[in-house]
There are 2 protein chains.
Amino acid sequence: MTTNFYAPPSSIRGRRVVLPAAEARHVRTVLRAEAGDEMAVVDGRGGWYRVEITHVAPEQVLGTIVEQREDVGEPVVDATVALGVLKKRSRFETFVEKAVELGVRRIVPLRTQRTERDSVRKERLRNLMVAAMKQCRRSRLPDLAAPQSPEALLAASEADVKLVCHAGEEATPIRRAMVEAGDASALVLVGPEGGFSAAEVEAAVAAGCTPVSLGPRRLRAETAGLAALHSVMIGSKDPPNEARSSRRPTEPG
Amino acid sequence: MTTNFYAPPSSIRGRRVVLPAAEARHVRTVLRAEAGDEMAVVDGRGGWYRVEITHVAPEQVLGTIVEQREDVGEPVVDATVALGVLKKRSRFETFVEKAVELGVRRIVPLRTQRTERDSVRKERLRNLMVAAMKQCRRSRLPDLAAPQSPEALLAASEADVKLVCHAGEEATPIRRAMVEAGDASALVLVGPEGGFSAAEVEAAVAAGCTPVSLGPRRLRAETAGLAALHSVMIGSKDPPNEARSSRRPTEPG
């Protein structure tokens, strides 16, 4: 099966799956599917289903679940990356697409002293995230939070490990900070172009963040977000298969 | 100093620096420089210079080296990433920009069974690489090889560690393969969209490559290239400051 398809939980009842219209078109384009064919469907909440197609119409594809698993393609570590809203939207989009592939659980666009934009194109980013989830074969659609300040985010966060990336000499290399923490949930803050101000770093540290460095090269903001995420994913020592994708019997519909 | 400027070795004679015209314009735009100001200049071969500007004209900036270092911003590990030429040029360009930031030493565009393009835009990629080198404050301009086959590349490679990324179950997680190798030079092969064929993986293994996995999610080719590179950089256990940036006295011109 070349790609997964997306059916939100509301389109799954018992063993019966009714794909949304856009997704049904995608199935028809990609698979040229006929009744009797199989496809992989994810519900964006950790549910993965092998589905036998029972009916194909121009705007509608129906199927029956024949196998069900949980959290296929999902990492153990629960990673949130908060990245300053970037001036160039395409760079934020590159970040979002690749963060989903690398296993992020939640993305938070940050408003900081040096951000020059207030907003993101939420619908467009969500579509990118759905496409990336399907393409990379995850079963969970990561959250996309509303743009907010680092203070608001840190006040509400219950992450076990909180990291703020900045270039200071006293910062710990990020992989060391994370390896110590094991499989914890992690929140990583990354500034926009130009980084966080010294006051913002201080406030983040006061709110429980460890200052971490991404090395001696000055990474672009979106590269920094991806490198930080990847370091956290590697440092967390996931088992090779990233576990939790246990089979469970399919309940009759 | 907000960015580095680029002066190829031919434009440096003794302590005297004559910036190329394009770079001189960049200095004038970014710095609004005047005689007496300082700037950081790299020669793309590991030379880093603090330069006092002595003369500014519309197409010309001259200066005198007041401090000289070597390999500033350069990692210890000598990493080559070979990536299949991608259908979408913009995705290969994203890879190139970020690979330079993450510390790659050499990029090799690969022609494989599943590549649908033969060529890259060499001049455009080189410009991107120069810009990324300056922006992220490296002192070496990575090599960009001509597109070639995995066989040709592997036959010529003297890397200590050779890795081929593929999704097979028997593959070692890439970080484990690299951590065992320590600070070696490394070559990582990453396929185009659709990956390597089974025959290509077999041939690479026969030529000395270890098959490695990038985890359970199916990464896009350019994301895979970046994740593989970052894993190698992290696994190589560089010291935090990535060393080698020793000062040496400036020789009189």
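Keep in mind that what you see is a predicted model, and the values were worked out from it rather than measured.

Between the two copies, chain A and chain B, the superposition gives an RMSD of 0.0 Å; the rotation angle is 180° and the shift along the axis is 0.0 Å. Put plainly, the chains are arranged around a two-fold axis. Most of the interface of chain A is mirrored in chain B, where 100% of its interface residues are also at the interface.

This brings us to the domain arrangement of chain A. All names here are of chain A. Each assigned domain of chain A is listed with its residue range as follows: domain 1 (4–69) and domain 2 (79–235). Relative to domain 2, the C-alpha centre of domain 1 lies at a distance of 33 Å. Tallying the contact residues gives nine residues for domain 1 and seven residues for domain 2. When residues of the side of domain 1 that touches domain 2 are traced back to their parent elements, those giving at least two are β1 (4–6) and β5 (47–57). When residues in the side of domain 1 that touches domain 2 are grouped by element, the largest group, three residues, is from β1. When its residues are assigned to classes, the side of domain 1 that touches domain 2 shows four nonpolar, four polar and one charged.

A separate point is the sheet that holds strand β4 (residues 38–42) of chain B. Residues and elements named next belong to chain B. With mixed pairing, the six strands of this open sheet are ordered in space as β1-β4-β5-β6-β3-β2. Unpaired on one side and paired on the other, β1 (4–6) and β2 (12–13) mark the two borders of the sheet. As judged from the three bridges shared by strand β3 (residues 16–18) and strand β6 (residues 60–70), these two strands associate in the antiparallel manner. Bridging across to β6, V18 finds its partner in L62. Across the face of the sheet, helix α1 (residues 21–31) comes into contact with β1, β4, β5 (47–57) and β6 while running at roughly 160° to β1.

Definitions and cut-offs
- Residues numbered from 1 in each chain as written.
- Chains lettered and ligands numbered in written order.
- Predicted model: local features only at pLDDT ≥ 70, side-chain atom pairs only at ≥ 80, totals over all residues.
- Least-squares fit on C-alpha atoms with pLDDT ≥ 70 in both.
- Contact = placed C-beta atoms within 7 Å.
- Domains from an automatic or database assignment.
- Helix = DSSP H or I, 4+ residues; strand = E, 2+ residues; numbered from the N terminus.
- Nonpolar A, V, L, I, M, F, W, Y, C, P; charged D, E, K, R; others polar.
- Pairing = 2+ DSSP bridges.
- Axes fitted to C-alpha atoms, helices over the stretch in contact; angles between N-to-C directions.

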